[in-house]
Amino acid sequence: MLCDRPKNTNVRLSLPAVCFVWQIAMIILFGIFIRYDEESDAHWIEHRKHKNISSDIENDFYFRYPSFQDVHVMIFVGFGFLMTFLKRYSFGGVGFNFLIAAFGLQWALLMQGWFHSLDYTDGKIKIGIENLINADFCVAGCLIAYGAILGKVSPVQLMVLTLFGITLFAVEEFIILNLIHARDAGGSMVIHTFGAYYGLSISAMLYRPNLDQSSALHGSVYHSDVFAMIGTLYLWMFWPSFNSAITDHGDAQHRAAINTYLALAATVLTTMAISSLFQKHGKLDMVHIQNSTLAGGVAVGTAAEFMLMPYGSLIVGFCCGIISTLGYIYLTPFMEKYLKIQDTCGIHNLHGMPGVIGGIVGAITAAAASEAVYGQEGLINTFDFVGDFKDMVPSKQGGHQAAGICVAVCFGIGGGVIVGGILRLPIWGDPADDSCFDDEPYWELPEDEESIPPIVQYNNHMRNKDV
Amino acid sequence: MLCDRPKNTNVRLSLPAVCFVWQIAMIILFGIFIRYDEESDAHWIEHRKHKNISSDIENDFYFRYPSFQDVHVMIFVGFGFLMTFLKRYSFGGVGFNFLIAAFGLQWALLMQGWFHSLDYTDGKIKIGIENLINADFCVAGCLIAYGAILGKVSPVQLMVLTLFGITLFAVEEFIILNLIHARDAGGSMVIHTFGAYYGLSISAMLYRPNLDQSSALHGSVYHSDVFAMIGTLYLWMFWPSFNSAITDHGDAQHRAAINTYLALAATVLTTMAISSLFQKHGKLDMVHIQNSTLAGGVAVGTAAEFMLMPYGSLIVGFCCGIISTLGYIYLTPFMEKYLKIQDTCGIHNLHGMPGVIGGIVGAITAAAASEAVYGQEGLINTFDFVGDFKDMVPSKQGGHQAAGICVAVCFGIGGGVIVGGILRLPIWGDPADDSCFDDEPYWELPEDEESIPPIVQYNNHMRNKDV
Amino acid sequence: MLCDRPKNTNVRLSLPAVCFVWQIAMIILFGIFIRYDEESDAHWIEHRKHKNISSDIENDFYFRYPSFQDVHVMIFVGFGFLMTFLKRYSFGGVGFNFLIAAFGLQWALLMQGWFHSLDYTDGKIKIGIENLINADFCVAGCLIAYGAILGKVSPVQLMVLTLFGITLFAVEEFIILNLIHARDAGGSMVIHTFGAYYGLSISAMLYRPNLDQSSALHGSVYHSDVFAMIGTLYLWMFWPSFNSAITDHGDAQHRAAINTYLALAATVLTTMAISSLFQKHGKLDMVHIQNSTLAGGVAVGTAAEFMLMPYGSLIVGFCCGIISTLGYIYLTPFMEKYLKIQDTCGIHNLHGMPGVIGGIVGAITAAAASEAVYGQEGLINTFDFVGDFKDMVPSKQGGHQAAGICVAVCFGIGGGVIVGGILRLPIWGDPADDSCFDDEPYWELPEDEESIPPIVQYNNHMRNKDV
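Please read these numbers as outputs of a predicted model, since none were measured by experiment. (Residues numbered from 1 in each chain as written. Chains lettered and ligands numbered in written order. Predicted model: local features only at pLDDT ≥ 70, side-chain atom pairs only at ≥ 80, totals over all residues. Heavy atoms only, no water.)

Some thoughts on the overall build of chain A
What counts here: Helix and strand assignments follow DSSP, with helices taken as H or I runs no shorter than four residues and strands as E runs no shorter than two, numbered in order from the N terminus. Based on C-alpha atoms, the radius of gyration is set beside the globule rule, defined as 2.2 Å times the residue count to the power 0.38. For every residue, the accessible area (1.4 Å probe, protein chains only) is compared with the maximum for its type, and the residue is labelled buried under 20%, exposed over 50%, or partly exposed between those bounds. Two residues form a contact once any of their heavy atoms are found within 4.5 Å. A 1.4 Å probe and the Shrake-Rupley method give the accessible areas. Residues count as covered only by the protein chains that appear here. Positive residues here are Lys and Arg, negative ones are Asp and Glu, while His and the chain termini are left out of the count. Charge placement uses NZ in Lys and CZ in Arg. For Asp and Glu, CG and CD serve respectively.
What chain A contains, in helices and strands, is 17 helices and 3 strands. In terms of overall dimensions, chain A is globule-like: its C-alpha atoms have a radius of gyration of 23 Å, near the 23 Å expected for 467 residues. Seen through its C-alpha atoms, chain A measures out along the principal axes to roughly 75 × 55 × 45 Å. Counting only residues that meet the buried cut, chain A has 70% of its 467 residues in that class. The long-range share in chain A, meaning contacts at least 24 apart out of those at least 6 apart in sequence, stands at 81%. Accessible surface, chain A as shown: approximately 13700 Å² in total, 62% of it carbon and sulfur. Each charge class in chain A can be summarised by its mean position, and for the 25 positive and 42 negative side chains these summaries are 5 Å apart.

Given below as structure tokens:
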């Protein structure tokens, strides 16, 4: 097999080449296509008068910027630090997360722009704060996928994964949101389900039968677990902003935040319960606390803007904490052993299953919607029953929501198989089986204090001398 | 004595049972009682037209959501990481903080809802963003109490502490804010004073004469102190949001943020000064920097929304930095030795004394208020001299403020003694004296790199294999 | 020479004295000068009616508070944790950063207030949220300077550096913004260029020929690098808030955030590319990832509010990632060897060069501005062509921008030489050459788990016993 050749992890040519060429391509494409929208352009003052907008505070920036920054923190610190839990892959966890996201958001602005923000009068994509949020969302799909293959791939492979992932995401999102007219404010389907199955399929394609050669590094140390809790907590705290960031102004943002807040609270309790119940001596497992506590946020993603009701949110969170934690205990080892899917971070438990559940919850909640609960205008606004869809009814909307789940799963698996196949080519500089989960191949590592006898330590050279 | 039996820290049945039963109770109670308020309900659009509200931006969500998220960060990352300073109790510090807060906020929504947000027309509690902030506030009281007993209790005990703590809080808050009509925007009295004395009383009830058996773990290591600084800084930075989160729209939020910002700045300087002055060789002590720098935020909690004046805020911060740091140096050892109160985090210095000072500052500032300074309407708005209290005058308000302090102290001590008594029952799975401040009884710990000889290390097993 | 005497790092008298005296001075000056402005004063309700402001949401607080808090996080966590990368100077990095900032922001409110917010009717400085942001900005200049001398000075020296730094900053800012009428929303010139050259000049004045005696501590360990990434990411994520915090309401804030977001994304890719390309085996260097990825944010500081265009932002970020990383590789060693400037954090690469580039980009963008792109009103608003400057034209504005760069560099170098001279006096308690980059002289350090044999470890004393 191609992949069995001796591995060369030197990315000194390939990584800079990919970064430079793709960044230059971005600049050219941005030059051709991307401009400010009417709320971020200097003509805003004229636009404002023209549209009779009474105050600058009604610029969309003030509705969404706080949520945007919360989402931004989730992408870079949340996902980044969640992936620092491995004892010797913290640099790769947070660093490659940074690289993927920084590239991905640029490509996402273009891809999503062509589908959603193209101004047909001049052929330009007009961007504002909502585009930035959507770009961050799009990146989240790729970061989820990264979780499955954490520690087993090179940065060049991650760039390829991101290029294709963003592209697939934009197409899938367009199909689900615009063609099928499903609603998915928090992305249970378009982000989490897609991202999880995309990553798992890639991981299956890159299956390493001898991965146990790296088992010494496939675990945490005390402080790396504390670092990972930074990621967990930021994801947990800001998830209400994630699910409400692009919902409609007013009650929809307000309600989405409340629902997410409640679902996540319930998830924490059931995660702790199951974690304790299934361990010898009732001890809690940090893997569960770091991951499964977030499942409720994933699972209310679609329905957060609906009238899910506070107790509905609690029920969703309650169930997902249980399912996700049991997933870590039973399903992840099963998938590795029988399905040949190695899932480093357990994204199937955190994003895959909860994402599908979220889609189902969304479908049920949509199908059960009524004018009695939403009000006449509220129903139209919440489900966007306007234009081509002005004759839509809730029960039918439920069916469309369900169709959305299938599209997300299919795109995830299909895309992952293809991209995984590409990533198997022996040109990407991925690590050998015995140097997975190790920063050594791709990072200059500081000499480690602890491993050096006191005297020798004082002769180790200052960091900057090596440059 | 009951507590002297050999300890069994196995919480495999009790912790899951408590989590499941209480979470299910929450779902049922939420189902019966909790609904969206008019600003988060899909009928908002009709409500908006009915009330002649010109824009969605006037939904309370946009006034308070940024502050809410800052408060949320304080609760989970701020308090959580502040409690990671112990060398081997970082998991318990941040993890149990997470558990307490996730349960507490649900119970707080109910308890506070019954007192403050009950809609008598249909018997439902209507929640919006302000309720979420208040629930976080309520949780803060219990997290403060946790600081006193950090490392000495089981998670089941913490759940019990939280259940009663939230209940007591809601009653005490209702008495202070509604019956006595004291103002306490930042909660110097209702949160900090109550929380501190509640925790200290519990700690006194759970006094461990042989706690020095755990002294080897009762301290920090270099990196755990840096982790704790994350908590300190997030508390410090976002305290202006804490004190302004539920004040009136407009100038009151604005002024509360400014006052808190200034008080905290002054506290940093006097804390550093005292810390250096009282150590041999003038070295700074991380315990003081991590904690006492926050005392100014506690102490302007009540008066932050008043016309305390910028210099007034500096004076409050100045004094509290001194008092709090001296508390760590002299009072904490004194209390342990003579009063039999073991206060792990020194909450008496960070929340107890500054909370009482904050109540006093609030009383004085309120008593000194005048129309000349506040303006006629400003005075009425700031002190809410409407309805039953429309004949109130500042000097009398000062007396009411002072009464509030007493109520907070009494509820804290009284509640703590009762709850502490309950927690002494030998059924809660608390650790033995020689395994306090240790994560080992309640957490699966990763094998530690440093303590393993290099060869053996490579044979230690991968984390996920144990599941 | 004076500085060659044996060093005494005991700051037990000097540090408390400086902290107390200066804090008391602040209280007195605040008492005399500082009051609330009309948006944070209790008279706001009357002001609002008088000015016909329709809603409390138009209080400046709601336009700027989220950005303010992001900037606040950058100052305390961003700069603070970025400076924790040294293996044994994390306390000093984050702790002294805290001290400088807490003092500096008070002094900045006064200094900037006298220049910009003095109400001539009553001789008072009226402060609101914008003043707090500007105070944080002012502090940033001093924190940048601290980066050059990190680990080589005493806290007392840092207080002196801050006192003079803030003073110089306020004068320089007044000249650049008000007299020269340059625009500099994100402070490429007034903050970054000034701060960098101020710090480098001080470092040159404090040159230590025998600094290699501390070389064993002049480097990172694995976890200190991860801590530093917290700082990096918070600076990176919130830089859009930094550059948009004080721009005009509406499109200017919106556009500044977009431009900064894009510039930073491009910088990440070119930083990674250069870092990999110039290391043996193509490995990435954490020093570059931690620092150079931020250069794009510095370099769009001035032009972020202009119509730089999305592709323009990408180009700026693209170039600065390259220049900054090459600076770390070639320029920093060169400056140390030939110019006798020891730059611990490489601030010349992160703030100096990108700051100057940012000034130049601003000058070019301003000079190229036209009514076609900005609209008539947009041009006037963006460049503030009103009052004395109502006859200004873009080409001339470009010249004024360029003049601003020169003023910033001159103030930085001139001020740094003078202050550096003062800091050479042998009275400040700075560390000897062989105890630089070490927390030991100024901090009580916990005994270190790793360096203690297991048995002895259990006898080490509990932390609080030493008080």
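A short note on the confidence of the model for chain A
Residues and elements named next belong to chain A. For clarity, the cut-off: Across the chain, each position has a pLDDT score giving the predictor's confidence in that residue, from 0 to 100.
Predicted confidence across chain A gives a mean pLDDT of 92, with 94% of residues reaching 70 or more. Across residues 451-467, confidence stays below pLDDT 50; counting only partners more than four residues off in sequence or on other chains, it has 28 contacts. Here the predicted complex carries an ipTM of 0.93, next to a pTM of 0.94.

Focus: the interface of chain A and chain B
Quite often, the size of an interface is put as the accessible area lost when its parts meet. To keep things clear, this is the line we draw: The term buried area refers to how much accessible surface (probe radius 1.4 Å) is lost by two components on association, counted for both of them together. Whenever Lys or Arg places a side-chain nitrogen within 4 Å of a carboxyl oxygen from Asp or Glu, that contact is recorded as a salt bridge. Polar contact criterion, stated in full: a pair of N or O atoms within 3.5 Å, where within protein one must be able to donate a hydrogen and the other to accept it, and residues adjacent in sequence count only if both atoms are side-chain atoms.
The interface is formed by 90 residues belonging to chain A together with 88 residues belonging to chain B. Interface area, chain A with chain B, both sides summed: about 7800 Å², of which 69% is carbon and sulfur. Looking at the side of chain A facing chain B, the largest losses of area belong to Tyr222, Tyr261 and Leu269 of chain A, adding up to 12% of the total buried there. Seen at the junction of chain A and chain B, the total is 2 salt bridges. For lysine 283 of chain A, the salt bridge identified is with glutamate 440 of chain B, shortest N-O distance 2.7 Å. Counting across the chain A and chain B interface gives 26 residue pairs in polar contact (both at pLDDT 80 or more). When residues of the side of chain A that touches chain B are traced back to their parent elements, those giving at least two are α3 (60-82), α8 (222-244), α9 (251-277), α10 (286-291), α12 (310-338), α14 (371-374) and α15 (376-383) of chain A.

Examining the layout of surface pockets
All names here are of chain A. Which entries qualify depends on this criterion: Grid spacing is 1 Å over the protein atoms alone, the probe is 1.4 Å, and a cavity is where that probe fits but cannot get out, while a pocket is an open set with protein on both sides within 12 Å along at least five of seven lines and lining residues have an atom within 4 Å of a point. Grid points are joined across faces, edges and corners, and a volume is the space filled by probe spheres set on the points. Three classes are used, and their members are as follows: Ala, Val, Leu, Ile, Met, Phe, Trp, Tyr, Cys and Pro are nonpolar, Asp, Glu, Lys and Arg are charged, and the others, Gly among them, are polar.
Within this model, the second largest pocket holds a volume of roughly 1200 Å³. Forming the boundary of the second largest pocket are 38 residues, of which His116, Ser117, Glu130, Asn134 and Ile246 lie nearest the centre. A total of 5 residues in the lining of the second largest pocket trace back to one element, the largest contributor, which is helix α4 (residues 90-117). Classifying every residue of the lining of the second largest pocket by side-chain character gives 7 nonpolar, 14 polar and 17 charged.

Focus on the relation of the copies chain A and chain B
Counted only if it meets this: To superpose the copies, least squares is applied to the C-alpha atoms of every residue with a pLDDT of at least 70 in both.
Of the two same-sequence chains, chain A is brought onto chain B (RMSD 0.0 Å, axial shift 0.0 Å) by a rotation of 120°. The symmetry that links the two subunits is that of a three-fold axis. The position closest to the rotation axis in chain A is occupied by the C-alpha of proline 66 of chain A, lying 3.5 Å away. When the interface residues of chain A are mapped onto chain B, a mere 12% of them again fall at the interface, so the copies present different faces.

So, the UniProt feature "domain: Ammonium transporter AmtB-like" (unreviewed entry) in chain A
Spelled out, the test is: UniProt positions are given in the numbering used here, feature names are shortened, and annotations may be inferred rather than shown by experiment.
As annotated by UniProt and renumbered to match this structure, "domain: Ammonium transporter AmtB-like" (unreviewed entry) occupies residues 60-424 of chain A. From the first C-alpha to the last, residues 60-424 of chain A spans 44 Å; its make-up is 73% helix and 2% strand.

A look at the packing of aromatic side chains
Residues and elements named next belong to chain A. What counts is decided by this rule: By convention, a stacked pair of Phe, Tyr or Trp rings (six-membered ring in the case of Trp) has centres within 6.5 Å and planes under 30 degrees apart, an edge-to-face pair has planes over 60 apart, and any other such pair is tilted.
Applying the stated criterion to the full structure yields 90 aromatic pairs over all chains. Seen from their ring centres, tryptophan 239 and phenylalanine 242 are 5.8 Å apart, and the 50° between their planes marks the pair as tilted. Highlighted residues: tryptophan 239 and phenylalanine 242, both in helix α8, separated by 3 residues, approximately one helical turn. By the burial criterion, tryptophan 239 is buried, and phenylalanine 242 matches it.

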